[in-house]
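Listed below, chain by chain, are the residues.
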Amino acid sequence: MLRPKGTALMRLWNGLFTLYGAAALLFLIVPVLIIVPLSFNVSAFLSYPLSGFSLRWYRAFFHSNEWLDALGNSLIIAPLATILATVLGVLAAIGLSRGEFRGKALVMAIIISPMIAPVVIVAVGLFFFFARLSLLNSYLGLVLAHAMLGVPFVVITVTAVLKNYDQNLSRAAASLGAPPWQVLLKVTLPLIAPGVFSGALFAFAASFDEVVVTLFLASPAQRTLPIQMFAGIRENLDPTIAAAASLMVGASLVLLLVMEMLRRRAERIRGTTAGG
């Protein structure tokens, strides 16, 4: 029995699309994964084939004051910026989702503009603005700048979650006498928590990986891990950079796993809410 030509053509397109997707995935992932074996190389040069297996570059990373100071700065700035971005982003997302006012689209565009505008332009603008406020070469300035870069991720993620949020739950809590702050803390936030955590993880990743803005605003004392890697590539191509990059790749994988867990939890919550 002959199959319809449309079915065969559809299978062909599906096969081509699968191959294209696999090729694009390899194009994005392979350059990242290539650096991981180099971090275990015995040789003092970043080259293939590998001369042997060794942990010397990881030991060099954890015994270097420069690398540890840079890692410490990143672990100070990124969490603080994430907390600030999450608080501001959640409040902005709730206000934009519930409120109807003139210029709402413009406000949303302004909030997400740091994600759209070229990062060099953002860095130059922050440099001149923070110079007037005496916030250059300070941890406070870096935290504020990184939080500004993280807010769009939180707003977009939380806004998407709020589209499926049942406002009747908040109205029911308010009708029972709960004040607005209690409705927010005990009803709204627990239900949108997966979206909040996902946005916070995106904000953390954006802060932890930020280079250009930090170059403009930070002093040598506030050098973060990406800045240390950038300086190492420019000044001395040390394989310790491969070890640092591998650690960052591992941290990114952990973040992706956490976000996947949160996504599944959000689906279960939506299913439970819809079923109830």
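Residues numbered from 1 in each chain as written. Predicted model: local features only at pLDDT ≥ 70, side-chain atom pairs only at ≥ 80, totals over all residues. Heavy atoms only, no water.

S.K.: Can you walk me through the packing of aromatic side chains in this structure?
M.R.: For any pair of aromatic rings, the description rests on two quantities: the centre-to-centre distance and the angle between the ring planes. This structure, assessed with the given rule, holds 9 aromatic pairs. Ring centres 5.3 Å apart and planes at 10° place the aromatic pair F40 and F53 in the stacked group. Taken together, the residues F40 in the loop between helix 1 (5-38) and helix 2 (56-62) and F53 in the loop between helix 1 and helix 2 connect sequence positions 13 residues apart. A relative accessible area of 23% means that F40 is categorised as partly exposed. Put simply, the rings of F40, F53 and Y58 pair up and form one aromatic cluster. (Phe/Tyr/Trp six-rings, centres within 6.5 Å; stacked < 30°, edge-to-face > 60°. Helix = DSSP H or I, 4+ residues; strand = E, 2+ residues; numbered from the N terminus. Buried < 20%, exposed > 50% of the residue type's maximum accessible area, 1.4 Å probe, protein only.)

S.K.: Would you explain the environment of L71 in this entry?
M.R.: Considering the arrangement of structural elements, one finds L71 in helix 3 (residues 65-98). For the pair L71 and P226, spaced 155 residues apart in sequence, the C-alpha to C-alpha distance is 8.8 Å. Apart from residues no more than four positions distant in its own chain, L71 is found in contact with F61, F208 and L225. (Contact = heavy atoms within 4.5 Å.)

S.K.: Explain the environment of P190 to me, please; I cannot follow it from the model alone.
M.R.: Structurally, P190 can be placed in helix 8 (residues 180-208). Each residue touching P190, except ones within four places of it in the same chain, is listed here: L184 and L185.

S.K.: Would you mind going over the packing of helix 6 (residues 139-162) against helix 8 with me for this structure?
M.R.: Packed helices, taken two at a time, are described by their axes: the angle between them and the distance between them. Where helix 6 contacts helix 8, the axes come no closer than 8 Å and their chain directions differ by 155°. The angle between the axes of helix 6 and helix 8 places the two elements in the roughly antiparallel class. Here helix 6 and helix 8 pass one another in a crossing that is right-handed. Taken together, the residues of helix 8 that come into contact with helix 6 (itself represented by H146, G150, F153, V154, T157, V158, V161 and L162) are I192, G195, V196, S198, G199, A200, F202, A203, A206 and S207. For the contact of helix 6 with helix 8, the residue count by class is 11 nonpolar, 7 polar and no charged. (Axes fitted to C-alpha atoms, helices over the stretch in contact; angles between N-to-C directions. Parallel < 35°, antiparallel > 145°, perpendicular 65-115°, else oblique. Left-handed = near helix turned anticlockwise from the far one by under 90°. Nonpolar A, V, L, I, M, F, W, Y, C, P; charged D, E, K, R; others polar.)

S.K.: Before we go on, may I ask you to explain a nonpolar patch on the surface in this structure?
M.R.: On the surface, V119, V120, V124, F128, L215, F216 and F230 cluster together into a nonpolar patch covering about 580 Å² of accessible area. Listed by contribution, the elements that provide at least two residues to the nonpolar patch are helix 5 (119-132) and helix 9 (212-217). No other element matches the 4 residues that helix 5 contributes to the nonpolar patch. In this structure, L215 sits in helix 9. For L215, a relative accessible area of 42% puts it in the partly exposed group. (Patch = residues over 30% accessible without salt bridge, like charges linked within 9 Å, V, L, I, M, F, W, Y side chains within 5 Å. Areas by Shrake-Rupley, 256 points an atom, 1.4 Å probe, with all protein chains shown as cover. Salt bridge = Lys/Arg side-chain N within 4 Å of Asp/Glu carboxyl O.)

S.K.: Is there a simple way to explain helix 6 in this structure?
M.R.: An α-helix turns once per 3.6 residues; consequently, residues spaced three or four apart project the same way. In a regular helix each residue adds 1.5 Å, so 24 residues correspond to 34 Å; helix 6 covers 33 Å between its end C-alpha atoms and thus fits that length. At G150, helix 6 shows its largest kink, close to 30°, and the proline P152 lies no more than four residues downstream. (Expected span 1.5 Å × (residues − 1). Bend = angle between axes of the 7 residues up to and from the residue.)

S.K.: I keep staring at the environment of E260 and nothing clicks. Help me out?
M.R.: Mapped onto the elements, E260 comes out in helix 11 (residues 240-275). For the pair E260 and H63, spaced 197 residues apart in sequence, the C-alpha separation works out to 34 Å.

S.K.: What exactly am I supposed to notice about the nonpolar core here?
M.R.: Across soluble globular proteins, nonpolar side chains have a tendency to be buried as a group. Among the nonpolar cores identified, the biggest contains 33 residues, and L126, V158, L162, V213 and L217 are the most heavily contacted of them. Each residue touching L217, except ones within four places of it in the same chain, is listed here: L126, F127, F130, L136, N137, S138, G141, L142 and A145. Counting residues in each nonpolar core, the second largest holds 11 residues, with F208, L225, M229 and I241 among its members. (Core = buried A, V, L, I, M, F, W, Y, C linked by side-chain atoms within 4.5 Å.)

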